[in-house]
Amino acid sequence: MTSDGRTVMAYDSGEGGKRFLNIMKRVLLFLEPTDHARVRKMVSKTFMRRNVEEFRPFVAETIDYLLDNMEREGCADIVSDYANPLPITMIFRIFGMPLEDLPLIERWMKDFARRGELGKISPEVEHGGEEAAKGFSDYFRKQIADRRARPRDDVISTFVQARDDDGNHLTDDELIAMCVLIFMAGHESTSNMIAFNTFSLLRNPDQLRLLQGNPGIIEDGIDELIRYDASVHVAQRVGLKDVVVAGREIPAGEPCLIMQGAANHDPEQYDRPDRLDLTRGKVQHLVFGLGSHSCLGNQLAKLELRLAIPALVQRFPGIYLTVPQSDVRSCNTGLLLRHLKDLPVSW
Ligand code: HEM
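Residues numbered from 1 in each chain as written. Predicted model: local features only at pLDDT ≥ 70, side-chain atom pairs only at ≥ 80, totals over all residues. Heavy atoms only, no water.

So, the packing of helix H14 (residues 218–228) against helix H16 (residues 298–315)
Thinking step 1. Contact pair H14 / H16: the axes reach a minimum separation of 10 Å and the direction vectors enclose 100 degrees. Classed by the angle they form, the pair H14 and H16 counts as roughly perpendicular. Contacts from Ile 218, Glu 219, Ile 222, Asp 223, Leu 225 and Ile 226 of H14 reach H16 at Lys 302, Leu 305, Arg 306, Ile 309 and Pro 310.
Thinking step 2. Among the residues forming the contact of H14 with H16, the class breakdown is 7 nonpolar, no polar and 4 charged. (Axes fitted to C-alpha atoms, helices over the stretch in contact; angles between N-to-C directions. Helix = DSSP H or I, 4+ residues; strand = E, 2+ residues; numbered from the N terminus. Parallel < 35°, antiparallel > 145°, perpendicular 65-115°, else oblique. Contact = heavy atoms within 4.5 Å. Nonpolar A, V, L, I, M, F, W, Y, C, P; charged D, E, K, R; others polar.)

Below, the structure written as structure tokens:
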């Protein structure tokens, strides 16, 4: 199976959707294997665990700020007050971008994501995608030129300075696609995961109390929380050769969806898979994918989750849902991502 340039053509809507497609063609997820390996190697150092640790003070500071705001209100919607602002603020901070640009980037992200949904798109969605692609391109082109002229201690500067084995830098178009991808891949998936992780604990009060009594169990426990109920359940691939899976033939070239969410509850892999058990020890799961395209930002995502979840339940020891569990709605964003509409709590 592959996720290279062949699947990106699913987004080809003709002349009217050119700008969007041009960014998508350079996005890591859809690069041909040789280009993918070259670009991924150039940027991956930035996202290694030991480098990501440098972001810890930013994450902790942002979490404190959000929790202080929530505490003043006396109740909160975890989705809009905590889970949504944290990852996007983090990307702004590590990219060294001014927070006043946040509403602009958020608007482009929304239009870009709508355009990126699979299936037939309306002229309005196509237009939104083009505007977002132009906005992103112009914005990041300026950021890149600025870092080239005056390198700083931020992630855009490390991308600009990265060299491949032949000493070449990434082109402007590759850099733009990388910046867009980090926002698109790094924000919503993490934000949704914070909400799902919180909901998982609220539904399992014994595990909530366990974590409150011993916050250190989050170190390994985070992978169990992620496995138990994840924001990404599905991956998109194209068959490289004819294969038979569970008695069904998938011909070469056929686009298909892989349900890694099902694998994360495989009874042959996990004892009582539908039980949340933060003491399971080291848990392997497929939430961050597998193979050459596996999630580049998984260490950053886990750092955010390892800090955000214990901080929330420590700050509000009596945290509880203010609506019945059955009213908490899990929805799909397009085909690939899941999110909670809201998660109202008090304490
Ligand atoms: C809990 C949060 C996250 C989840 C569940 C998640 C999940 C995934 C998955 C499943 C893939 C593979 C997709 C595929 O194989 O088709 C992926 C790829 C990717 N993710 Fe994440 N991700 C998360 C957070 C992040 C963050 C915080 C960043 C960056 C700041 C990030 C950056 C990326 C990138 C760049 C890729 C493409 C890798 C490649 O094609 O080589 N992700 N992610």
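Still to come is the rest of the account.
What about the sheet that holds strand S6 (residues 320–321)?
Thinking step 1. Overall, antiparallel pairing links the 3 strands, which are arranged S1-S9-S6 in an open sheet. If you trace the sheet from one side to the other, it starts and ends with strand S1 (75–77) and S6, each paired once.
Thinking step 2. Direction of pairing for S1 relative to strand S9 (residues 344–346): antiparallel, over a ladder of 3 bridges. Of the residues in S9, the one forming a bridge with Cys 75 is Ser 346. (Pairing = 2+ DSSP bridges.)

Focus: the coordination of the iron atom of the ligand
Each angle at a metal carrying four tetrahedral donors should ideally be 109.5 degrees, and each at a metal carrying six octahedral donors should ideally be 90 or 180 degrees.
Thinking step 1. Among protein residues, the single donor to the iron atom of the ligand is Cys 295 (SG), with a metal-donor distance of 2.3 Å.
Thinking step 2. Secondary-structure assignment places Cys 295 in the loop between helix H15 (260–263) and H16. (Donors = N, O, S within 2.8 Å, 3.2 Å for Na, K, Ca; no water.)

Things to note about the site of the ligand
Thinking step 1. Taken together, 27 residues are adjacent to the ligand, and His 36, Arg 40, Arg 237, His 293 and Cys 295 come closest.
Thinking step 2. Between the ligand and His 36 there is a distance of 2.7 Å, counted from an oxygen atom to a side-chain nitrogen or oxygen.
Thinking step 3. Between His 293 and the ligand, the recorded distance is 2.7 Å, taken from a side-chain N or O atom to an oxygen atom.
Thinking step 4. Every element with two or more residues in the shell around the ligand is listed here: helix H3 (33–44), helix H11 (172–186), helix H12 (188–203) and H16.
Thinking step 5. Counting residues per element, the shell around the ligand draws most heavily on H11, which supplies 4 residues. (Near = heavy atom within 4 Å. Polar contact = N/O pair within 3.5 Å; in protein donor to acceptor, adjacent residues only side chain to side chain.)

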